[in-house]
Amino acid sequence: MTRRLSEGTTFLLPVGHGQFGVGLLTRVPARGGVVFGYFFGPRRSGHPTEPWLMSRVASQAVFRCRFRDRALYSGEWPTLLVLPAFDRNLWPLPAFHRYDGSVTAIPGSTAVVDWRVEYDDGNLVTPKSETPASGTDMLLDDDTVYDPNSLARAVAPRLLSSVPSADEGGWR
């Protein structure tokens, strides 16, 4: 049986030793195998409550990125619930920063090595625009597509530094 993913689906991201982060799918294109999501802390050993899930907002996320969806389809990452009133406009798809280390410097010429990259909601694989990065673009999240293992390694340290929510009662 094939799982159906949709925007607003919440899930648990295993980060090691029986601990999880909570993810929210905010872009699920029809093709490509790459989705976009927001991730929330703190680390936890079990499922969050439904009211906690429903109260998440974009500014509370400890991480956001594009990632491969196979762990969700395979059931490796347990899905929780689909937020009933999910509004993608409240969960922006940001621009990203890409460093192009393949550029060969030619004396006397200028080569662009840093790019501002933007994707369309319906295609998270092929950029809709790539423009030379400005100074502030250097602070954007890296243009990376994470696989399940690298995503867990990237999110885990951020979960440790996040503050517990009011209903957590302490670190988990």
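The preceding data block contains the structure.
The following refers to the structure shown. Keep in mind that what you see is a predicted model, and the values were worked out from it rather than measured. (Residues numbered from 1 in each chain as written. Predicted model: local features only at pLDDT ≥ 70, side-chain atom pairs only at ≥ 80, totals over all residues. Heavy atoms only, no water.)

A look at the overall build of the protein chain
Next up, step 1: If you tally the helices and strands in the protein chain, you get 3 helices and 9 strands.
Next up, step 2: Starting at the N terminus, the α and β elements of the protein chain follow one another as β-β-β-α-β-α-β-β-β-β-β-α.
Next up, step 3: When the 172 residues of the protein chain are sorted by exposure, 41% land in the buried category.
Next up, step 4: Long-range pairs, those at least 24 residues apart, make up 64% of the contacts in the protein chain with a sequence separation of at least 6.
Next up, step 5: For the protein chain, the exposed area adds up to about 9,400 Å²; of that, 52% sits on carbon and sulfur atoms. (Helix = DSSP H or I, 4+ residues; strand = E, 2+ residues; numbered from the N terminus. Buried < 20%, exposed > 50% of the residue type's maximum accessible area, 1.4 Å probe, protein only. Contact = heavy atoms within 4.5 Å. Areas by Shrake-Rupley, 256 points an atom, 1.4 Å probe, with all protein chains shown as cover.)

Things to note about the sheet that holds strand β2 (residues 19–27)
Next up, step 1: Taken in spatial order, the 6 strands line up as β5-β1-β2-β3-β4-β9 in an open sheet, and their pairing is mixed. The open sheet terminates on both sides in strands that have one partner only, identified here as β5 (79–82) and β9 (145–146).
Next up, step 2: Pairing geometry for strand β4 (residues 63–68) and β9, over 2 bridges, is parallel. If you follow F67 over to β9, its bridge partner there is Y146.
Next up, step 3: The strands touched by helix α3 (residues 148–160) are β1 (9–16), β2, β3 (34–44), β4 and β9; relative to β3, the strand with the most contacts, the crossing angle is about 40 degrees. (Pairing = 2+ DSSP bridges. Axes fitted to C-alpha atoms, helices over the stretch in contact; angles between N-to-C directions.)

Some remarks on the packing of aromatic side chains
Next up, step 1: All chains considered together, the criterion is met by 12 aromatic pairs.
Next up, step 2: Between F40 and W91, the ring centres sit 6.2 Å apart and the planes meet at 90 degrees, which makes this aromatic pair edge-to-face. Taken together, the positions of F40 in strand β3 and W91 in the loop between β5 and β6 (96–99) put the pair 51 residues apart, joining distant regions of the chain. For the pair shown, F40 and W91 are each scored as buried.
Next up, step 3: Ring-pair connections join several aromatic residues into one group, and the members of that group are F36, Y38, F40, F86, W91, F96 and Y119. (Phe/Tyr/Trp six-rings, centres within 6.5 Å; stacked < 30°, edge-to-face > 60°.)

Here we look at the sheet that holds strand β7 (residues 114–118)
Paired through their backbone hydrogen bonds, the strands of a sheet run either parallel or antiparallel.
Next up, step 1: Read across the sheet, 3 strands follow the order β6-β7-β8 without closing on themselves; strand pairing throughout is antiparallel. Unpaired on one side and paired on the other, β6 and β8 (129–132) mark the two borders of the sheet. Across the sheet, the mean angle separating the axes of adjacent strands is 35 degrees when strand polarity is ignored.
Next up, step 2: Across 4 bridges, β7 lies against β8 in antiparallel orientation. Note that in β8 the partner of W115 across the bridge is P132.

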